[in-house]
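# Coordinate analysis (summary)
In case you want the letters, here they are:
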Amino acid sequence: MSTEDTPTPAAEGPASSAERVLGPEQLKALAHPLRIQILDLLSSHGALTASGIADLVGESSGSTSYHLRQLARHGFVQEVPGRGTARERWWERRPGGFTVEMPGDPGDVAATTTTAMVNREFESARARKIQALLERGHELDHRWRDASRLQTVSLWLTADQASEVLAAWDRFSEILDRYKDQDDAPGARPVQLHFNLFPLVDGTENPS
């Protein structure tokens, strides 16, 4: 099982071949709720300063600046070339997505705990966006309301069939490439597309 974190097409485009699997040190560096929140903001809002992030998350600019430096140290963010000053730097997500894989050794408690925490924080960030839509969706123009959808599909699948669905999603995700680099396009705004496929852990598998 893995969790993919891919910047929105408006910011950087789908990951595809640029995607990387996080190692233990990168996972450890990411295992902080504020760092994941910062990374999520840079994905959805584009480049921001430490002060701008601080205003959005309710933290001090000193705190966000520290966490930005740590994220940069481990290859998650970078300074925007040619923008900002020595006193105020602009930061952006590094191109490409990444995958958080579940540890192969169930007995590795530290790795399992860290991975679960990182995945949980990413899911919480997604949930906050959906909750904001439910609470404030009426403020959107009708064209955006009509272009939005929240849908859950429940199926009975074999593992091979689930893999077929994943392969179809991978093919579809390649289509999103045509919408990359649109952060300055007239009428464009940040959007998110979520896709989850997973077995219900409290379910049982039918006999073969």
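Computed from a prediction, not measured in an experiment: that's the story for all the values here. (Residues numbered from 1 in each chain as written. Predicted model: local features only at pLDDT ≥ 70, side-chain atom pairs only at ≥ 80, totals over all residues. Heavy atoms only, no water.)

## Some details on the overall build of the chain
Scanning the chain for helices and strands turns up seven helices and six strands. Taken from N to C terminus, the helices and strands of the chain fall in the order β-β-α-α-β-α-α-β-β-β-α-α-α. Over its C-alpha atoms the chain spans a radius of gyration of 19 Å, differing by no more than 12% from the 17 Å that the globule rule assigns to 208 residues. Judged by the C-alpha coordinates and their principal axes, the chain covers about 65 × 50 × 35 Å. Counting every position in the chain, which comprises 208 residues, the buried fraction comes to 28%. Counting contacts in the chain only where the partners sit at least 6 residues apart, residues at least 24 apart contribute 65% of the total. With the model as given, the accessible surface of the chain reaches about 14000 Å², and the carbon-plus-sulfur share is 51%. (Helix = DSSP H or I, 4+ residues; strand = E, 2+ residues; numbered from the N terminus. Rg over C-alpha atoms; globule rule 2.2 N^0.38 Å. Buried < 20%, exposed > 50% of the residue type's maximum accessible area, 1.4 Å probe, protein only. Contact = heavy atoms within 4.5 Å. Areas by Shrake-Rupley, 256 points an atom, 1.4 Å probe, with all protein chains shown as cover.)

## Some words on the sheet that holds strand β5 (residues 89-93)
With antiparallel pairing, the three strands of this open sheet are ordered in space as β3-β5-β4. Both outer strands of the open sheet, β3 (48-49) and β4 (77-84), are each paired with one neighbouring strand and no more. With two bridges joining them, β3 and β5 adopt antiparallel strand pairing. Its bridge partner being in β5, L48 is matched across the sheet by W91. Packing of helix α2 (residues 33-45) onto the sheet brings it into contact with β3, β4 and β5, and relative to β5 it is tilted by some 85°. (Pairing = 2+ DSSP bridges. Axes fitted to C-alpha atoms, helices over the stretch in contact; angles between N-to-C directions.)

## Let's talk about the pattern of salt bridges
Going through the model one piece at a time under the given rule, you end up with five salt bridges. A salt bridge links K129 to D40; its shortest N-O distance comes to 2.2 Å. You can see K129 sitting in helix α5 (residues 109-136) and its partner D40 sitting in helix α2, a full 89 residues away along the chain. With a closest N to O distance of 2.9 Å, R126 and E123 form a salt bridge. Of the two residues, R126 and E123 both sit in helix α5, three residues apart, roughly one turn of that helix. (Salt bridge = Lys/Arg side-chain N within 4 Å of Asp/Glu carboxyl O.)

## Notes on the environment of T114
Relative to the helices and strands, T114 is located in helix α5. Once the C-alpha coordinates of T114 and W169 are considered, the two residues, 55 residues apart in sequence, prove to be 27 Å apart. Not counting residues up to four positions away in its chain, the partners in contact with T114 are L27, K28 and A31.

## Observations concerning the confidence of the model for the chain
For the chain, mean pLDDT is 87; residues scoring 70 or higher make up 91% of the total. When the criterion is pLDDT under 50, residues 8-17 qualifies, and its contacts beyond four places in sequence or with other chains add up to 28 contacts. (pLDDT = per-residue confidence, 0-100.)

## Re the pairing of β4
Here β4 pairs with β5 via four bridges, running antiparallel. Looking at the pairing, V77 lines up with R93 of β5. Here β4 folds back onto β5 in antiparallel fashion, the turn holding four residues.

## Description of the packing of α2 against helix α4 (residues 61-73)
In contact at an axis separation of 10 Å, α2 and α4 are set at 80° when each is read in the N-to-C sense. For the element pair α2 / α4, the angle class is roughly perpendicular. Here L34, R35, I38 and L42 of α2 come into contact with α4, specifically with S63, T64, Y66, H67, L68, Q70 and L71. When the residues that make up the contact of α2 with α4 are grouped by side-chain class, the tally is six nonpolar, four polar and one charged. (Parallel < 35°, antiparallel > 145°, perpendicular 65-115°, else oblique. Nonpolar A, V, L, I, M, F, W, Y, C, P; charged D, E, K, R; others polar.)

## What to know about unusual backbone geometry
Unusually for a residue other than glycine, D181 sits at a positive phi of about 55°. Relative to the assigned elements, D181 resides in the segment after α7 (159-175). Exposure remark for D181: the relative accessible area of 55% places this residue in the exposed category.

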